[in-house]
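# Observations on the model geometry
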Protein chains: 4
Amino acid sequence: MSGNTYGKLFTVTTAGESHGPALVAIVDGCPPGLPLSEADLQIDLDRRKPGTSRHTTQRQEADEVEIVSGVFEGKTTGTPIGLLIRNTDQKSKDYSAIKDLFRPAHADYTYHHKYGTRDYRGGGRSSARETAMRVAAGAIAKKVLAGFGIQVRGYMSQLGPIEIPFKTWDSVEDNAFFCPDPAKVPELEAYMDQLRRDQDSVGAKITVVADGVMPGLGEPIFDRLDAELAHALMSINAVKGVEIGAGFASVAQRGTEHRDELTPDGFLSNNAGGILGGISSGQPIIAHLALKPTSSITTPGRSIDVAGQSQDVITKGRHDPCVGIRATPIAEAMMAIVLLDHLLRNRAQNADVQVSTPVLGQL
Amino acid sequence: MSGNTYGKLFTVTTAGESHGPALVAIVDGCPPGLPLSEADLQIDLDRRKPGTSRHTTQRQEADEVEIVSGVFEGKTTGTPIGLLIRNTDQKSKDYSAIKDLFRPAHADYTYHHKYGTRDYRGGGRSSARETAMRVAAGAIAKKVLAGFGIQVRGYMSQLGPIEIPFKTWDSVEDNAFFCPDPAKVPELEAYMDQLRRDQDSVGAKITVVADGVMPGLGEPIFDRLDAELAHALMSINAVKGVEIGAGFASVAQRGTEHRDELTPDGFLSNNAGGILGGISSGQPIIAHLALKPTSSITTPGRSIDVAGQSQDVITKGRHDPCVGIRATPIAEAMMAIVLLDHLLRNRAQNADVQVSTPVLGQL
Amino acid sequence: MSGNTYGKLFTVTTAGESHGPALVAIVDGCPPGLPLSEADLQIDLDRRKPGTSRHTTQRQEADEVEIVSGVFEGKTTGTPIGLLIRNTDQKSKDYSAIKDLFRPAHADYTYHHKYGTRDYRGGGRSSARETAMRVAAGAIAKKVLAGFGIQVRGYMSQLGPIEIPFKTWDSVEDNAFFCPDPAKVPELEAYMDQLRRDQDSVGAKITVVADGVMPGLGEPIFDRLDAELAHALMSINAVKGVEIGAGFASVAQRGTEHRDELTPDGFLSNNAGGILGGISSGQPIIAHLALKPTSSITTPGRSIDVAGQSQDVITKGRHDPCVGIRATPIAEAMMAIVLLDHLLRNRAQNADVQVSTPVLGQL
Amino acid sequence: MSGNTYGKLFTVTTAGESHGPALVAIVDGCPPGLPLSEADLQIDLDRRKPGTSRHTTQRQEADEVEIVSGVFEGKTTGTPIGLLIRNTDQKSKDYSAIKDLFRPAHADYTYHHKYGTRDYRGGGRSSARETAMRVAAGAIAKKVLAGFGIQVRGYMSQLGPIEIPFKTWDSVEDNAFFCPDPAKVPELEAYMDQLRRDQDSVGAKITVVADGVMPGLGEPIFDRLDAELAHALMSINAVKGVEIGAGFASVAQRGTEHRDELTPDGFLSNNAGGILGGISSGQPIIAHLALKPTSSITTPGRSIDVAGQSQDVITKGRHDPCVGIRATPIAEAMMAIVLLDHLLRNRAQNADVQVSTPVLGQL
């Protein structure tokens, strides 16, 4: 199928370039009868929106979404939901200078060799602007999941060298970084201010958590829930790594340490990140993702042009010095899409399953 | 589609339980005219096979594969290739004791809640035995890729706490660990011997590298090449994390450090792991995967039974103390399957693309 | 996957209701470098457009399509093509009276039972208005196919009881019926005029032909080219039957009559309709489709309401007395989409196939 | 996806050639807990099996199926069901003479041009032998459907020029033709005896009916239930046409005649064939399919060889003079597979839908 579609039953198909006329998405498979309006989508779109603090790009996009189908009299009808976001702040002139250049760490070189052509304005299809539609679609998924008692939330767990241990969800929405520890925020702000002075960028780590997931979501082999989460999260711009639960720390763990023992009161730990054998266990689902530093920086870099000649490149324009800062709602959206897709897949096959074994309490 | 199928054009569908009559696979989409025999598949099956050293399970499986379709007069015909491996060493009696128990860190609990039933013999479908068919299918993919000059190889890059920097491919096939540094092998052997005495298990990190990949493989958005690799590699039993290129090290990197600069002679580094914007750049494609410690250990652990009652669990049977040791050919297989699938997808859409820009030399 | 997506490599995903804000489509997998503008799509949209003669609905829809992505500097980029058509003539008031009624032969009853809700305005998603986007997407497919020398054309081969043997393509675009015999047009007009006076509707048969298709398109088993054409054509509103080549006439044929013999100069007949074993033979591909009479007629009919009570139904509004009249461009679009999808699939797997056997001349 | 896989949630993937070692199939998505054994599959395999009367090919195939996975302790586990049928009667010598010939109306010519190679023994993958696996998979689908009160049955409705109006299901299994009218059987036998003397073959029409289907199965647009049935039925070897309900008779019908009026006691007719707007209405689902005459006949025909030279062809071997005779269980199987797939798809999205409107009685 199309590389621009995600999901098997709850599917999200997107189109649109950074500086084209509009972004569109078609969200298919949503159960009928869900109350839904643009306002539901706008919440997460606004969380992702640039320009809300001095630490993100100053590009001004209203990111106002219009629902053009699939909702009637305020409720979903079960038919596909069409979404439209007009691009309003298309400063194409900023980009024409790099039309024949391959910016390091961008997709310029690879798009050129794949397609023989590319929309060079703002990265075209490779721009993170595309993720606005993921966030809008994810907001629909989140609302359906909420009806099943499932909540998907994310936070920044590392900014460059600064690790951010989780403290409280209460703090996450109160700062520009989705930082779960209010005491850490000043350190992050100082780090970002210095970064801008250095004309440089930095990576970040995001953690996404789903609470309330029932046991049984995921397929045993290729479509394991963790495999699909890895797919979905790695598909986000700039992501270079995905972990489930203990992740790479598992390498140095011993079996006696890693295995999450069970008691009648619940699991005693959650190294598994809520997934065993590719299937949800009822514990919180925990994923971490690594985002590389923004490629667009004003410090000159060596590169080549389409003729293969050496060129120095300075990426002007308005860019996030840390793309990870705005990645939290995107990661939440992708996890929500995966979970809803698997919830639907699971009830398709296993709606009649009855077990008397109790679901264990979450850790 | 089915959770037991991987790929869009080069597809691999598998079935089979650890202790059922047989494993089967159907490999579809293979180009016609490829010379192919069972011997081609047996090479990698033997690399994965248990019981070849004292460091892996002593289960004796011949793992002899039969090609039952899709090959005629020694060549592929373009029709689906049916593969069959009979299970010959099914000691089902070893497992009946745990029939009503949920072993910690196994899929027992999740399968039970998903399906209401499970084949408890040797883990059934959740057993790593299933990966034999991935390896067989991957061997076909490797042979097709070889015709395009692409080579996929893997090695162990960490065993428990012991990091193994890459030295040479020449060493990898000469020891039981797929260790790329012959000088490290004695340390690994000593570690494993102690581990068995401790009745414990440990995790591992595997690195897989594809050389010779042309630029242009991968799709821009959801089916980015890195996203599909993450999916495929995370779908391997026991994998808890996947990195592309610099992976989680990207988090603390600055943009000036991470970006791989280009010169007319080639890229100056490969933090990207050979993928930019989800599309191959022509550099080596590099992925790392974290495998958790084997869950089946003889040190007793706390658990519950299907009635929700507390039980102590000792997993008997013949198990690998480090599942990562045999994971290298599996990881190679999955990377090969993904690359071939995307090679076919790319030429479907872009067969006519002509660019004059030279492909840069690999780092 | 989504029921609103067609195709595996060249995919068309649509959304939109008859009286909602807009129709949207995402066309994915189009090869890059194709010159494309709205004008290319408008040609077929205008051929399908209602209100161009007294024999079709008088609903006035400009059906102006906007390309919102995937085209840059006048050429396709290989990224998904977003299409948008605003609904401008939404007379919702016409429909509120039937909000709780199930109109006979409409989808009202089945949507109600499936979704528990429905957009009753003009049939909502079940309206043939949805096919506008198929026509727009098909126009893209046609343009790509033209570059391979493939031409897809259709005509009306029967209107109610009036059979219309094929005479000439030259006539097809010169009348309101896509009638290939100018001498038949007055008879069709008289029939339609009487039909309106009778307050009734009638069925039609459409024939679609693809010339210039190379041998080798189609997959052997489930995705036979004829099976996919049957799927695509039967998915058009009101279609109740699909034939390939001799179709149902094959039932009474003998083998000596049906088999298309081959000579060095070509096939001697085309009962196969250009497809053997599910794969194109190089002969013209010929499909026929039966369309039922329009369900919306002003002659009262018996029905029930959502409470299960008996009701008389008269469907007011502006309706085509023969939905088949406007079906020709839709059928062409669906055949073009299928052919392009299979052309891409075929070259993915078989791009390297070389045979010395000549392609036979077309009949 | 693979052209050898059918279905989205209940998926059937097959492999195997007429004269290769074996046929295999992987049936995925079956709900767990279904009692299942080889005997369940053998019933329909025996109904399709050749050599049971003088009117079908005398090829002797035991067609004994082995379930190699997915069933444990007599019940399905929810994991994929692997099926294996060994080919036991492979008289390859019969076929070597036609190795370089293209038999008229066979897939020889098209496979040759598509793949550049083909397994010429008995038609290889293009042989109707492949349908054995469809029948086995369909038997699984039928058994699941039976649990929902759905029954799928077929009969021969025309043999060559002899139309066979439906009389009674009781007769269908009592004769070699699946003829629903015992009074017609002598006429059919006489016709077939003459046909063999004429060294010729003939077409047939098969009708398949599903009773007990609940309203709501099918998707509105491209995956309409009728479109998927057309796909599945047209994918059967030799099928040249598919009708739903009134089918091609709809062309000459008027709207007042075709529309199935509703009363509180049920629908008054079933021209729709049980499907409105692509979704099941609760009425019996009725499909007709046209099968062409067997291509393999002993009357010589003109053809060419791989060098493009003129050749006379006589197809020896053991062939059915009317492939339609054994097609009934195959058509039932494909309808059952489609219905189960859509039943699962429907409950994935719409499991929570509640309507108070009564389901109408079936006609």
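Cut-offs applied
- Residues numbered from 1 in each chain as written.
- Chains lettered and ligands numbered in written order.
- Predicted model: local features only at pLDDT ≥ 70, side-chain atom pairs only at ≥ 80, totals over all residues.
- UniProt positions renumbered as here; feature names shortened; annotations may be inferred.
- Helix = DSSP H or I, 4+ residues; strand = E, 2+ residues; numbered from the N terminus.
- Buried ≥ 20, exposed ≤ 12 C-beta atoms within 10 Å, placed from the backbone.
- Contact = placed C-beta atoms within 7 Å.
- Nonpolar A, V, L, I, M, F, W, Y, C, P; charged D, E, K, R; others polar.
- pLDDT = per-residue confidence, 0-100.
- Axes fitted to C-alpha atoms, helices over the stretch in contact; angles between N-to-C directions.
- Parallel < 35°, antiparallel > 145°, perpendicular 65-115°, else oblique.
- Left-handed = near helix turned anticlockwise from the far one by under 90°.
- Pairing = 2+ DSSP bridges.
- Least-squares fit on C-alpha atoms with pLDDT ≥ 70 in both.
- Arc of directions from axis to C-beta.

Where an unreviewed UniProt entry is consulted, chain A appears under the name Chorismate synthase, with the organism given as Pseudomonas turukhanskensis. Quoted straight from UniProt, the Subunit (unreviewed entry) entry for chain A says "Homotetramer."

## Overview of the overall build of chain A
Along its length, chain A carries 8 helices and 19 strands. Across its three principal axes, chain A shows a C-alpha extent of roughly 65 × 50 × 40 Å. Expressed as a percentage of the 363 residues in chain A, the buried residues total 66%. Considering only residue pairs separated by 6 or more positions, chain A has 70% of its internal contacts joining residues 24 or more positions apart.

## Let's talk about the UniProt feature "binding site: FMN" (unreviewed entry) in chain A
The UniProt feature table records "binding site: FMN" (unreviewed entry) at R125(A), S126(A), S127(A), N237(A), A238(A), G277(A), K292(A), P293(A), T294(A), S295(A), S296(A) and R318(A). With respect to the helices, strands and loops of the structure, N237(A) is situated in the loop between α6 (225-234) and β12 (239-244). Classification of N237(A) by C-beta neighbours within 10 Å gives buried; the count is 23. If near-sequence neighbours (up to four positions away) are discounted, N237(A) is found in contact with A128(A), T131(A) and V323(A). Along the chain, K292(A) turns up in the loop between β17 (285-291) and β18 (301-305). K292(A) has contacts with G203(A), A238(A), K240(A), S250(B), Q253(B) and H258(B), leaving out every residue within four places of it along the chain.

## Quick look at the UniProt feature "binding site: NADP(+)" (unreviewed entry) in chain A
Residues and elements named next belong to chain A. Sites flagged by UniProt as "binding site: NADP(+)" (unreviewed entry) map to R48 and R54. Summarising the element assignment, R48 is placed in helix α1 (residues 38-48). Taking the number of C-beta atoms within 10 Å as the measure of exposure, R48 has 23 and is therefore buried. Setting aside residues up to four positions removed in sequence, R48 forms contacts with A132, V135, R326, P329 and I330. Counting through the fold element by element, R54 comes out in the loop between α1 and β4 (65-67).

## Thoughts on the interface of chain C and chain A
Counting residues at the interface gives 38 residues for chain C and 38 residues for chain A. Of all the secondary structure elements, the ones that give two or more residues to the side of chain C that touches chain A are β2 (11-15), β3 (22-28) and β7 (81-86) of chain C. Among the elements that take part in the side of chain C that touches chain A, β3(C) stands out by supplying 4 residues, more than any other. Of the residues in the side of chain C that touches chain A, the class split is 13 nonpolar, 17 polar and 8 charged.

## Topic: the confidence of the model for chain A
The share of residues in chain A with pLDDT of 70 or more is 96%, and the mean pLDDT across the chain is 93. Predicted as a complex, the structure gets a pTM of 0.97 and an ipTM equal to 0.96.

## Considering the packing of helix α8 (residues 328-350) of chain B against helix α8 (residues 327-350) of chain C
In the contact formed by α8(B) and α8(C), the axes pass within 8 Å of each other and the chain directions differ by 130°. What the angle tells us is that α8(B) and α8(C) run oblique. Where α8(B) crosses over α8(C), the handedness of that crossing is right-handed. For the pair α8(B) and α8(C), contact is made by L344(B), R345(B), R347(B), A348(B) and Q349(B) and by L344(C), R345(C), R347(C), A348(C) and Q349(C), respectively. Across the contact of α8(B) with α8(C), the residue classes break down as 4 nonpolar, 2 polar and 4 charged.

## Observations concerning the sheet that holds strand β10 (residues 204-211) of chain C
Pairing is antiparallel in the open sheet, where 10 strands are placed in the order β9(C)-β8(C)-β10(C)-β16(C)-β11(C)-β11(D)-β16(D)-β10(D)-β8(D)-β9(D). The open sheet has two free edges, formed respectively by β9 (162-163) of chain C together with β9 (162-163) of chain D, since each of these has just one partner strand. Pairing between strand β8 (residues 151-159) of chain C and β9(C): 2 bridges, direction antiparallel. Among the inter-strand pairings, Q158(C) is bridged to a residue of β9(C), identified as E163(C). Sheet strands in contact with helix α8 (residues 327-350) of chain D are β8 (151-159), β10 (204-211) and β16 (285-291) of chain D, and its direction is about 140° off that of β8(D).

## Regarding the relation of the copies chain C and chain A
Overlaying chain C on chain A yields an RMSD of 0.0 Å, the required transformation being a rotation through 180° with an accompanying axial translation of 0.0 Å. The two molecules are tied by a two-fold rotation axis, judged by turn and shift. By residue overlap, the copies meet face to face through one surface: 97% of the interface positions of chain C are interface positions in chain A.

## Focus: helix α1 (residues 38-48) of chain B
Residues and elements named next belong to chain B. Three or more residues of α1 are buried, namely L41, D44, L45 and R48. End-on view of α1: buried residues confined to an arc of 105°, all on one side of the axis. As for α1, its buried residues are in contact with β4 (65-67), α3 (131-146) and α8.

## Details of the relation of the copies chain C and chain D
Here two copies of a chain appear, and what relates them is a rotation about an axis with a shift along it. Screw-axis analysis of chain C against chain D gives a translation of 0.0 Å along the axis, an RMSD of 0.0 Å, and a rotation angle of 180°. Comparing interface residues between copies, 100% of those in chain C also lie at the interface in chain D; the contact surface is shared.

## Quick look at the sheet that holds strand β1 (residues 5-6) of chain D
Residues and elements named next belong to chain D. What the 5 strands build is an open sheet, ordered β1-β2-β3-β7-β4; its pairing is antiparallel. Because the sheet does not close on itself, it has two edges, and the strands there are β1 and β4 (65-67). Pairing geometry for strand β3 (residues 22-28) and strand β7 (residues 81-86), over 6 bridges, is antiparallel. Opposite V27, over in β7, you have I81 as the bridge partner. Sheet strands touched by helix α3 (residues 131-146): β2 (11-15), β3, β4 and β7. Its angle to β3, the strand with the most contacts, is close to 30°.

## Points about unusual backbone geometry
A positive phi angle, near 70°, is found at A105(A), a position not held by glycine. Note on placement: A105(A) falls in the loop between β8 (101-102) and α2 (108-115). Its 28 C-beta neighbours within 10 Å are what place A105(A) among the buried residues. The phi torsion at Q199(D) lies on the positive side, around 50°, for a residue other than glycine. Within the element layout of this structure, Q199(D) appears in the loop between α5 (185-197) and β10.

## Let's talk about the interface of chain C and chain D
Facing 98 residues of chain C, the contacting portion of chain D comprises 98 residues. Considering every element that reaches the side of chain C that touches chain D, the biggest residue donor is helix α2 (residues 108-115) of chain C, with 7 residues. Split into classes, the residues belonging to the side of chain C that touches chain D amount to 38 nonpolar, 41 polar and 19 charged. The sheet contact formed by strand β11 (residues 239-244) of chain C and strand β11 (residues 239-244) of chain D spans 3 bridges and is antiparallel. Opposite G241(C), over in β11(D), you have E243(D) as the bridge partner.

## As for the pairing of β17(A)
Residues and elements named next belong to chain A. Burial of β17 is extensive: 7 of the 7 residues sit out of reach of the surface. The two faces of β17 match: I285, A287, L289 and L291 on one face and I286, H288 and A290 on the other face are all buried. In this sheet, β17 lies alongside strand β11 (residues 204-211) in antiparallel orientation, the contact comprising 7 bridges. Bridge pairing in β17 places V209 opposite I286. Here β12 pairs with β17 via 5 bridges, running antiparallel. Bridging across to β17, V242 finds its partner in L289.

## Focus: the environment of F177(B)
Along the chain, the position of F177(B) falls in the loop between α4 (169-172) and α5 (185-197). For F177(B), the residues in contact, after removing those within four places along its chain, are M156(B), L159(B), V185(B), L188(B) and I325(B).

## Quick notes on the packing of helix α6 (residues 225-234) of chain D against α8(D)
The description of two helices packed together rests on the angle between their axes and the distance between the axes. All names here are of chain D. Where α6 contacts α8, the axes come no closer than 9 Å and their chain directions differ by 145°. When you trace α6 past α8, the crossing you get is right-handed. Here L225, E228, L229, A232 and L233 of α6 lie close against α8, whose contacting residues are A331, M334, M335, I337, V338 and H342. Taken together, the residues that form the contact of α6 with α8 break down as 9 nonpolar, 1 polar and 1 charged.

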